[in-house]
Amino acid sequence: MTFDLTPEQDQLRDAVRALGRRYGHGYFVEKAKTGEHTTELWAEAGRLGYLGVNIPTEYGGGGGGITELAIVCEELAAAGCPLLLLVVSPAIAATVINRHGTEEQRKRHLPGLADGSQKIVFAITEPEAGSNFHRLGTVARRDGDDWLLSGRKCYISGVDEAGHVLVVARTEDSSTGKLKPALFLVPTDAVGLTRSKLDMEILSPENQFLLYLDDVRLPADALLGQSLEAGLPALFAGLNPERITVAAMGAGTGRYAIERATEYTATRKVWGGRTIGSHQGVAHPLAHAAVQVELARLMIQKAATLYDAGRDLEAGLAGNMAKYASGEAAALAVDTAVQALGGAGMTTEYGVATLLGAVRAGRIAPVSREMILNFVAQHVLGQEKSY
């Protein structure tokens with residue numbers, strides 16, 4: 001058992017950290033407040049190969065795994081630039097296409113995902129069904145050789161930045177008459193696909209949307225894998241990378257908040273010339289938050305290692321635990337940092353309150369802490385399923 005990164009992973013971490021710090025949290029906040037996107041950072045990360053670290057080399061990627069992509073997510077977040085589309089495009093879309101797409105789909109999409117010139121977002125969540133794919137209302141039906149998609153999706157990240165959206169729908173199995181999931185690569189400019197931006201109380205350069213699909217006509221090769229049998233395994237293929245990279249982003253955000261707070265508390269003097277960090281009432285909460293973040297990082301490392309080893313079932317459990325631990329730790333770290341900084345913590349200048357909305361959302365999405373606890377109770381503790 002080792003907790004050491006390889007030399008190559010260490011070099012990746014150092015390089016991504018340096019890139020993130022050149023942009024910094026001020027850049028992130030400015031883009032979010034002006035309604036712009038982090039285009040420059042994304043393009044440079046793509047040019048340097050960081051967006052495609054988990055994509056096979058034959059498609060222009062780095063040939064690594066989710067461990068490497070988690071490093072990228074964590075280090076950019078630790079520099080104050082938590083990029084949600086790293087989770088959506090390289091982690092979910094690239095993994096699903098690589099593992100379950102056709103060779104033509106891999107050749108068409110993976111090189112652009114690797115160099116950052118293409119983004120593919122993911123659409124499963126619906127207003128009524130949430131992310132319960134058993135009850136999805138978005139339906140795909142045959143029309144000659146084509147497919148027609150109709151339905152609604154909500155909380156879909158980054159549609160305005162992407163060329164395609166990977167839509168989860170349900171199709172009728174002609175042999176059984178039962179509905180089964182299928183994934184479709186839908187161009188964001190497809191006729192019949194419209195969107196409406198959601199107003200969110202989260203400071204982020206990445207927007208959320210409602211999507212409306214009104215008989216969106218797609219060619220046969222838009223079906224991921226070109227077989228309905230690919231639908232369910234393809235859907236599950238994206239879940240573990242999603243949870244692991246979301247957890248990594250949360251851990252990085254927690255590290256960023258603690259770093260900002262400890263810099264402040266180690267120099268701020270009030271009474272008697274002593275730094276406020278010398279008082280246990282300030283130091284202990286920060287130390288507690290640091291412990292929680294580090295514990296989450298260990299579970300992220302375990303989950304990523306299991307996933308890259310092909311141990312999907314074990315990675316599923318570890319990934320859920322990592323996401324839970326990281327969501328709680330990030331929220332604790334940012335809140336504790338704000339408290340330690342006092343009034344300064346609520347200012348934009350000090351850059352911690354700007355993350356409150358994002359870390360709160362991390363306890364809800366992409367899977368809520370309660371559903372993770374349900375999962376652990378059932379699969380670890382052997383309790384009866386509660387839902």
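Analysis parameters
Here the residue numbering is sequential within each chain, running from 1 through the sequence in written order. The predicted origin of the model limits local features to residues at a pLDDT of at least 70 and limits the giving and counting of side-chain atom pairs to 80 or more, whereas totals for whole chains, interfaces and linings rest on all residues. To obtain the side-chain values, all non-hydrogen atoms of the structure were included, while hydrogens and water were left out. UniProt positions are given in the numbering used here, feature names are shortened, and annotations may be inferred rather than shown by experiment. Secondary structure elements are taken from DSSP: a helix is a run of H or I of four residues or more, a strand is a run of E of two residues or more, and numbering for both begins at the N terminus. With C-alpha atoms as the basis for the radius of gyration, the globule rule is written as 2.2 Å multiplied by the number of residues raised to the power 0.38. Relative accessibility thresholds used throughout: buried, under 20% of the residue-type maximum; exposed, over 50%; partly exposed, between the two (1.4 Å probe, protein chains only). Only heavy atoms enter the contact rule, under which two residues are in contact if any of them lie within 4.5 Å. Here Asp and Glu are counted as negative and Lys and Arg as positive; His is not counted, and neither are the chain ends. Where a charge sits is defined by one atom per residue type, namely NZ (Lys), CZ (Arg), CG (Asp) or CD (Glu). Whether a set of points on the 1 Å grid over the protein atoms alone is a cavity depends on a 1.4 Å probe fitting there but being unable to get out, while an open set qualifies as a pocket with protein on both sides within 12 Å along at least five of seven lines; lining residues are those with an atom within 4 Å of a point. Grid points are joined across faces, edges and corners, and a volume is the space filled by probe spheres set on the points. As annotated, the domain borders come from an automatic or database domain assignment. When DSSP finds two or more bridges between two strands, those strands count as paired.

Going by the annotation in an unreviewed UniProt entry, the name recorded for the protein is Acyl-CoA dehydrogenase, with Micromonospora cremea given as the source organism. In UniProt, the protein has this text filed under Cofactor (unreviewed entry): "FAD". You can read under Sequence similarities (unreviewed entry) in the UniProt record for the protein the words "Belongs to the acyl-CoA dehydrogenase family."

### Here's the deal with the overall build of the protein
Helices and strands together make up the secondary structure of the protein, namely eleven helices and seven strands. Against the 2.2 N^0.38 benchmark of 21 Å for 387 residues, the protein shows a C-alpha radius of gyration of 21 Å, consistent with a compact globule. Over its C-alpha atoms, taken along the principal directions, the protein stretches across nearly 80 × 50 × 40 Å. A burial count over the protein gives 51% of its 387 residues as buried. Taking the intrachain contacts of the protein between residues at least 6 apart in sequence as the baseline, contacts between residues at least 24 apart amount to 70%. In the protein, 37 positive and 44 negative side-chain charges are present, and the distance between their average locations comes to 4 Å.

### Description of the layout of surface pockets
Taken as a whole, the second largest pocket holds about 240 Å³ of empty space. Those elements giving two or more residues to the lining of the second largest pocket turn out to be α3 (66-78) and α8 (280-308). It is α8 that provides the largest number of residues to the lining of the second largest pocket, a total of six residues. Of the residues that make up the lining of the second largest pocket, three or more belong to each of domain 1 (7-119) and domain 3 (232-381).

### Some details on the pairing of strand β2 (residues 139-143)
As judged from the five bridges shared by β2 and strand β3 (residues 146-157), these two strands associate in the antiparallel manner. Within β3, the residue paired with A140 across the bridge is L149. Linkage of β2 to β3, two consecutive antiparallel strands, is achieved through a turn of two residues, within which G144 is found at a positive phi near 70°. In terms of strand pairing, β2 meets strand β4 (residues 164-172) through two bridges, oriented parallel. Looking across to β4, one finds that A140 is bridged to T171.

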